[in-house]
Every structure is written in structure tokens, then in C-alpha cells.
Amino acid sequence: MKKYIVVQKYGGSSVANIERIKAVARRIVATKNNYNHVVVVVSALGDTTDDLEAMAYQLSKSPSEREMDMLMSTGEQISCALLAMAVKACGHEAISFTGPQVGIKTDKRHTRARIETISGRRIRKAIADNKIVIVAGYQGVTSENEITTLGRGGSDLTAVALAHALRAKVCEIYTDVQGIYTTDPRIVPQAKKIKAITFEEMLEMAALGAQVMQARSIEVAKKYNIPMHVRSSFSKEEGTMIVKKDDKMEEVSVRGITCNKSEAKITIRSVPDRTGIAATIFTEISKMDVSVDMIVQNVSHTKHTDISFTVSKADLPRALRAAKAVAQKINAGEVLFDKKIARISIVGSGMRSHHGIAARMFQTLAENKINIDMISTSEISISCIISQRYAEKAVRCLHQRFELEA
């Protein structure tokens, strides 16, 4: 019987303590015994990443990004070594590797590096020796041997990239939930598990705030058509398959509701209304390596206008510095910011062929007295920026309006 390579990724909650590490080791061995070669990617134990980050900021208000990568990459190195020990204790040969040891080469952007190439030579040799391979997620190395990390959720990206490089049969993402839900079950207990979802829909949901998977990992999976199975490490239940669109899949008008509280809004007041001003503003902000999301420019009646845009809260300090500098340069007014906002989004590939979805969303928010500050749309999503205090209320009422309950 032909053996297939299965890549499994286990998140921090799955390996949060010794008992959970042992349970994961038993699951890995069971997969191995089912005529598979197994390559495992593991995140740092429990809240290790948050704890390390907190320690860094106790020492410095703006720690060096290079040193942050040196620090943060250690969490995964600990967990992969412990998991390899647990697998060996179950009677199977295993070997742990860091990202650099398996040849994960990245660009030079510290804390949010992009993978350029993967050698995988040492993994293939270990597989040939019938070993279970445990790889530290979230990390790589530059051409100059500098340690880098792949951004929050980067272990997902490590797993998907390895699945492509090794031509794996499937990439399984193990987490602390049963799969992908119509919305966060902590907000709506009646949220329904989705049996199958397209790469396109999952990418949109991840980009708009669903925290189950890193958006960049979905991009890679979509590009190379790598089947993904998101499931719980605490259950044997089937989870959610993320796949290329299948003709048999029902085109539901709205697949899910997401809520993102990690953005901030910046407003530049009294911007001169003349050609090229917007280009000037956003060119200066891009120089700070800040990604701008939603943008709204008011209609000008006085030869001046207000421009508002959203950025991630992590980028807010840099974005503010750039916005204040460019406002002074173009003789604009004051620069305001608001961190107490939330982005509420509805997502579904069926929205292309169903009319009136936006009207129903806006009407539902209006009926619940929730004011909309900004609106953004794509082919398969509609997003609204609202006050953060109404975020959960908005999710609940929209989930009910679009009949997504289990």
C-alpha cells in the first residue's frame, strides 16, 4: 500500500501542558500507524508567545524587531522538542527541527517575513528513515542566517508551505474548536459548524477577522490547491474541509459573520481638495510599511475634505506619525484616531447571485440602533465599521437575520 505524507499542525492550546502534549503524541502515532508518513508543525505552548511579548515590552517600549524574532522563535523550539520526546515515549522514532534546520528561507522583514523557498531535504531523509518529523512553526531564516518569524498565526503558514513542498495528501489544522463556524461560538452559542467552505470564502473570513486560521496560509493553500481539514485536537469528530469550489457545493448567500476588533481609524481633517493629495498621503504612510484598509473621503463643498482610513492597531503608532507629518506638509487640519472600533463583515460566495444582501445588513443594523461609520465591499463580502461597544450585538442580530443558527 502506498504511503502518503500527511502534514498536521497543532496550535498552542493543543500542547498547552504535559497531558495535552501526550494526547497529541498519541494522535500523531495513530496517524502514522494508518500507513502514513507524518510531518507535524507545532506552535508554542499555550500562552508562551503572549508571555514572551509581554516580557519584551516590560523592558522596552519599542523593542528591536530583530531581537523580537530571536525571542519569539524560542517558544516553538521548546514545544517541538517536547513533542518529539512524547512521540518517542509512545514507541515511535521522531526527530524535531527548527524552521531554519529544514531550510525555510524567508525575506528580511522581521516579525512578518514571507517564505521564499523551502529545501525540505532533512525532512525527506527523516521520512525515508521512517521517522515522524516535528517542525517548529512560525519561523525561518534569511540568506544572511538571521532568524525571522512569519507573523501571528505563522505556524499555519509553515504547515501549508511544507504541505506544498512535500506534496502532502492533506494539511490538517488542529485547534481548540471543532472546525469553522458561521461565527464565533463564544458570541453566538447557536453558531453552526460549516462542513465545507471554499478557499475564497475562508480567505475572506480570515482576512476580515475570523481567528481560526492565518489569512496568508489560506492564500498559499488556494494558490497550490492544497486540501485543508480544520478540526479539534480534543475530538475525533470531522471538522471543516477547505477546498477549491466544487460544483456540488451549495452557494449559500451568506456563509458566515466575522468580527474584528484589532483595527483603528485615523482621520485627517481639512485636507485640501486638489489633485494628487490622496496619493501624497498614502505614499507617505506606505513608506512606514503600514497597510491601509478601508478609506473614506468626504465630498468637498469648501475646497477641503476629511479623509478617514483604517489600519491594524499594531501599525497605529507608525501610521499616526506618518499621518501627522504629511498633514503638516500639505497644510491639512488635525489628525484624530479611534481605537474603539470594530469591523463587522458578512461573507459568502453566493452573494454574487443573491440580490438585496447589503440592504438587509444595513436595515438590520439600523433596526438595532447601530450606527455605521464606514462601509467596504468585495464580490463576496460586505464590511461595516461600527463602535466596538456594539460589536457583539451586531454579530448576534446579523447571524439571526441571515438564518445561520444550527
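What counts, and where the lines are drawn
- Residues numbered from 1 in each chain as written.
- Predicted model: local features only at pLDDT ≥ 70, side-chain atom pairs only at ≥ 80, totals over all residues.
- Heavy atoms only, no water.
- Helix = DSSP H or I, 4+ residues; strand = E, 2+ residues; numbered from the N terminus.
- Rg over C-alpha atoms; globule rule 2.2 N^0.38 Å.
- Buried < 20%, exposed > 50% of the residue type's maximum accessible area, 1.4 Å probe, protein only.
- Contact = heavy atoms within 4.5 Å.
- Areas by Shrake-Rupley, 256 points an atom, 1.4 Å probe, with all protein chains shown as cover.
- Lys, Arg positive; Asp, Glu negative; His and termini not counted.
- Charge placed at Lys NZ, Arg CZ, Asp CG, Glu CD.
- Axes fitted to C-alpha atoms, helices over the stretch in contact; angles between N-to-C directions.
- Parallel < 35°, antiparallel > 145°, perpendicular 65-115°, else oblique.
- Left-handed = near helix turned anticlockwise from the far one by under 90°.
- Nonpolar A, V, L, I, M, F, W, Y, C, P; charged D, E, K, R; others polar.
- Expected span 1.5 Å × (residues − 1).
- Polar contact = N/O pair within 3.5 Å; in protein donor to acceptor, adjacent residues only side chain to side chain.
- Arc of directions from axis to C-beta.

**Student:** Honestly, the overall build of the chain in this entry has me stumped. Any pointers?
**Tutor:** Looking only at helices and strands, one finds eleven helices and 20 strands in the chain. Against the 2.2 N^0.38 benchmark of 22 Å for 406 residues, the chain shows a C-alpha radius of gyration of 23 Å, consistent with a compact globule. When its C-alpha atoms are laid out on the principal axes, the chain stretches across 75 × 50 × 35 Å. Across the 406 residues that make up the chain, the buried fraction comes to 50%. Within the chain, contacts between residues separated by at least 24 positions form 75% of all contacts whose residues are at least 6 apart in sequence. Surface exposure of the chain reaches about 19,700 Å², of which carbon and sulfur atoms provide 49%. One way to put it: in the chain the 58 positive side-chain charges average out to a point 3 Å from where the 44 negative ones average out.

**Student:** Honestly, the packing of helix α2 (residues 48-59) against helix α3 (residues 65-89) in this entry has me stumped. Any pointers?
**Tutor:** How two helices sit against one another is set out by the angle between their axes and by the gap between those axes. Where α2 meets α3, the closest approach of the two axes is 9 Å, and the angle between their N-to-C directions is 155°. With respect to their mutual orientation, α2 and α3 come out roughly antiparallel. The way α2 lies across α3 gives a crossing that is right-handed. For the pair α2 and α3, contact is made by Thr48, Thr49, Leu52, Glu53, Ala56 and Tyr57 and by Met68, Leu71, Met72, Thr74, Gly75 and Glu76, respectively. When the residues that make up the contact of α2 with α3 are grouped by side-chain class, the tally is six nonpolar, four polar and two charged.

**Student:** Just to check I follow, could you spell out α3 for this structure?
**Tutor:** An α-helical turn contains 3.6 residues, so any two residues separated by three or four positions project in the same direction. Look at α3: 37 Å from first C-alpha to last across 25 residues, which is about the 36 Å you get at 1.5 Å a residue. When α3 is considered as a whole, its buried residues turn out to be Met68, Asp69, Met72, Ser73, Gly75, Glu76, Ser79, Cys80, Leu83, Ala84, Ala86 and Val87. Two or three places before Arg66, at the opening of α3, Ser64 has a side-chain oxygen 3.2 Å from that residue's backbone nitrogen. Of the residues one or two after α3, Gly91 is the one with positive phi, at around 95°.

**Student:** Whenever I open this one, the packing of helix α5 (residues 154-165) against helix α7 (residues 215-224) confuses me. Can you help?
**Tutor:** Orientation of α5 relative to α7, taken along the N-to-C sense of each, is 15°, at an axis distance of 8 Å. Taken together, the axes of α5 and α7 lie roughly parallel to each other. Considering how the two elements wind past one another, α5 and α7 form a crossing that is left-handed. Counted together, Asp156, Leu157, Val160 and His164 of α5 and Arg216, Ser217, Val220, Ala221 and Tyr224 of α7 form the full contact between these two elements. Tallied by class, the residues present in the contact of α5 with α7 amount to five nonpolar, two polar and two charged.

**Student:** Can you help me understand α2 in this one?
**Tutor:** Its twelve residues place the ends of α2 17 Å apart at the C-alpha level, agreeing with the 16 Å of an ideal helix rising 1.5 Å per residue. All of the buried residues in α2 are Thr49, Leu52 and Ala56. Axial view of α2: buried residues confined to an arc of 70°, hence all on one face. Of the residues in α2, the exposed ones pointing more than 90 degrees away from the buried face are Met55 and Gln58. Buried residues in α2 make contact with α3.

The quantities given are spatial measurements derived from coordinates; they are silent on function.
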